[in-house]
Amino acid sequence: MAIVAPTARQSVAQAPVNTRAIQDLDAAHYLHPFTDSKALASHGSRVIVKGEGIYIWDSEGKRLLDGMSGLWCMNVGYGRKSISDAVYAQMQQLPFYNSFFQTTNVPAVQLAAKLVEISPPQFNHVFFTGSGSEGNDTIVRMVRRYWDLQGYQGRHVIISRHNAYHGSTMAGASLGGMSGMHEQGGLPIPGIVHIGQPYYLEGGKGKTPEEFGLEAASWLEQKILEVGADKVAAFIGEPVQGAGGVIIPPSTYWPEIQRICDKYGILLVADEVICGFGRLGHWFGSEYFGIKPDLMTFAKGVSSGYVPLGGVLVGDRVADVLIEKGGDFNHGFTYSGHPVACAAALENIRIIQEEKLVDQVREDTGPYLKQKFEALADHPLVGAAETCGFVAGLVLVQKKAANIHDCVPFDSTLDVGMICRDHMFNGGMIMRAVGNRMIIAPPLVMTHAEIDELVTLIRVCLDATLADLTKRGLI
């Protein structure tokens, strides 16, 4: 399949930036997400000033290959003038109006119809939010309202997974299984419980991946029976866990999860904030794994991050009850269905369709990335390297072995992943560290040549990390 060259990758004129002045203002006034502000202020933020295609530039003129698509979202790449034009035109005509009080706007309606068109057939309704976190808060409200309307007021428990990420609002962080988040703010909120994650390298020693996938799925049934099937409302999961370190489940995992949800009649919720809009070579990750969720959360790739937008695709099973029995659904946001955000998303989806990016990732560039990225497993620092569509991760180990379960891991207190991440930045490559896992989720528009460049940069930076760790006596 031929690669479609991205259009409108244009350089943008940028006035000179006084890096130190911006860093000082940043330290004085800007509290960053998921950041030790005191530590950041001691050395100063990296100031990003421009993006074009798959690259960004900082205020010192350094070019970086953005292996994380901004934050899992810049699917069509930077500098798409047609999206900017769509946003500008909508701002000129109707910059904002709300969706309360029996009103609507044209871009929101058109986007809802387009999302229904590209989603699995059980989805015919959309609820818009401003982010994935708000989308997962909506999931909690919607799931519990659904069961209340059915006459099961006690069926409110939602099961999630440890090391899952579902946002940072009170409900989103509770659904997530990040212990560091739960330690701050008295989380999780009541009615949310967690099971183990399907991480083969963590728990699959002595088993085949297929055997472990079934075992990990069985933890859901165990938890349902522990809580009481009459109290469990839903199970939520990311098709591939993103912020948890690109945890790709064994092939047997999701079909067994579907079977268990069907057996007990609980709702299946797919958090598609990262996996949606082509990242796994399908419009949604649920299609890759062959499951049929009742609700899907989306954000990020819906607008490629150009304007904040999120929401929930609501399956007929839930929508029919909410519409026919529910009356007012007392939930929503000022910016639900924001016309400018929806205009950006419509143009973004048009680009994805016109350039056939979903097919390209599935049939061409995804397999090519797999071939090139998984060859990094021969590096002395890499215990395993794996991909799924356009997400990938590798495990840094102190001592390699033929079997990943026999590798000697680095002590987590050494922060080897962060050491490697710094070498990546210094070498012109953005790669995220999650513990001792290094992960990427590059823009979907990458060509073969750009994938070659990405893998070459990663290897060079791994070499620099190895030399540094050797010098420190950690190898």
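Residues numbered from 1 in each chain as written. Predicted model: local features only at pLDDT ≥ 70, side-chain atom pairs only at ≥ 80, totals over all residues. Heavy atoms only, no water.

Caption draft 1: Geometry of the overall build of the protein chain. The number of helices and strands found in the protein chain is 17 helices and 16 strands. In terms of overall dimensions, the protein chain has a C-alpha envelope of 65 × 60 × 50 Å along the principal axes. Across the 475 residues that make up the protein chain, the buried fraction comes to 55%. Here the analysis covers contacts within the protein chain between residues at least 6 apart in sequence; of these, 72% occur between residues at least 24 apart. A total accessible area of about 20100 Å² is found for the protein chain, and carbon and sulfur atoms account for 54% of it. (Helix = DSSP H or I, 4+ residues; strand = E, 2+ residues; numbered from the N terminus. Buried < 20%, exposed > 50% of the residue type's maximum accessible area, 1.4 Å probe, protein only. Contact = heavy atoms within 4.5 Å. Areas by Shrake-Rupley, 256 points an atom, 1.4 Å probe, with all protein chains shown as cover.)

Caption draft 2: Here's a closer look at the packing of aromatic side chains. Enumeration over the complete set of coordinates arrives at 16 aromatic pairs. For the ring pair Phe 277 and Trp 283, a centre distance of 6.4 Å and an interplane angle of 90 degrees mean the geometry is edge-to-face. Accessibility assignment for this pair places Phe 277 and Trp 283 in one class, buried. When the centroid spacing of 4.8 Å and the interplanar angle of 75 degrees are considered together, the rings of Tyr 288 and Phe 289 count as edge-to-face. (Phe/Tyr/Trp six-rings, centres within 6.5 Å; stacked < 30°, edge-to-face > 60°.)

Caption draft 3: Structural detail: the pattern of salt bridges. For the coordinates displayed, the defined rule picks out 21 salt bridges. Put simply, Arg 20 and Asp 24 hold a salt bridge, and the shortest N to O gap is 3.0 Å. Here Arg 20 pairs with Asp 24, and both are found in helix α1 (residues 19–29), just four residues apart, close to one helical turn. Take Arg 20: its relative accessible area is 56%, and that puts it in the exposed class. Judged by its relative accessible area of 41%, Asp 24 is partly exposed. Here Lys 231 ties to Asp 230 by a salt bridge, and the two come within 4.0 Å at their closest N and O atoms. Under the relative-accessibility criterion, Lys 231 is labelled partly exposed at 39%. The exposure class of Asp 230 is exposed, given its relative accessible area of 52%. A single salt-bridge network, built from bridges that share partners, covers Glu 221, Glu 256, Arg 259 and Lys 263. (Salt bridge = Lys/Arg side-chain N within 4 Å of Asp/Glu carboxyl O.)

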